[in-house]
Amino acid sequence: MFLNYIKEFFVKKSLNVNLNNEKSGVFTKNIQTIGLLIDESFFESSEALIKEITLQGIALENIKVLAYREKFKEKEAYPRPTFGKKHINWNGEITEGFLKEFINAEFDLLLSYYDVENIFLMLVTSKSKAKFKIGFSAVDQNLSRLMINTELGNYKLFVSELFRYLKNIK
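Residues numbered from 1 in each chain as written. Predicted model: local features only at pLDDT ≥ 70, side-chain atom pairs only at ≥ 80, totals over all residues. Heavy atoms only, no water.

A word on the side chain of E52. On the secondary structure map, E52 appears in helix α2 (residues 46-54). One buried charge, E52, has no salt-bridge partner; the nearest side chain with opposite charge is K156, at 4.7 Å. In this structure E52 touches Y155, K156 and V159, once residues within four positions along its chain are discounted. (Helix = DSSP H or I, 4+ residues; strand = E, 2+ residues; numbered from the N terminus. Buried < 20%, exposed > 50% of the residue type's maximum accessible area, 1.4 Å probe, protein only. Lys, Arg positive; Asp, Glu negative; His and termini not counted. Salt bridge = Lys/Arg side-chain N within 4 Å of Asp/Glu carboxyl O. Contact = heavy atoms within 4.5 Å.)

Given below as structure tokens:
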């Protein structure tokens, strides 16, 4: 337990360095690819969220999902790529291949779908090479270019607000 606090402290230091080096992304009106980072420790309607995004005209094959679980079980089979605390080392470096692939993908849009400041999710968001990042207003405002103020469980409102704002941005 005590070691978890120490690890979080060092990962937080790495996150702060990343936030200071953050470059602002450029929004492109033509959104083709979306990266979706979900905290499945608190949100269990991932499939419904993905379906709601596809209803807005984004093809399913252009949505890449990465899930986080607070209690990651090595032997359990997850329906989508899933990571936990153990996939990020003490220096805030990513140790898993699928996680590095997600971070290095240049999505047109990264949706950080979590409303609790989780240091591991925040690190993945900050390291992502996505062109434009969107998240919840309850999370550190230095992470995202656009923040939406809704509740985590109200994914329909989140998606409708998201696409309403995206249509207004030029």
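This part is about the packing of aromatic side chains. The geometry of an aromatic ring pair is captured by two quantities: the separation of the ring centres and the angle between the planes. Scanning all chains against the criterion turns up seven aromatic pairs. Measuring from centroid to centroid gives 4.8 Å for F43 and Y113, while their planes differ by 55°, and the two rings are tilted. One end of the pair, F43, is in the loop between β1 (34-39) and α2; the other, Y113, is in strand β4 (residues 109-113), and 70 residues separate them in sequence. Judged by its relative accessible area of 3%, F43 is buried. Of the residues examined, Y113 reaches a relative accessible area of 0% and is grouped as buried. (Phe/Tyr/Trp six-rings, centres within 6.5 Å; stacked < 30°, edge-to-face > 60°.)

Geometric values such as these leave the question of function open.
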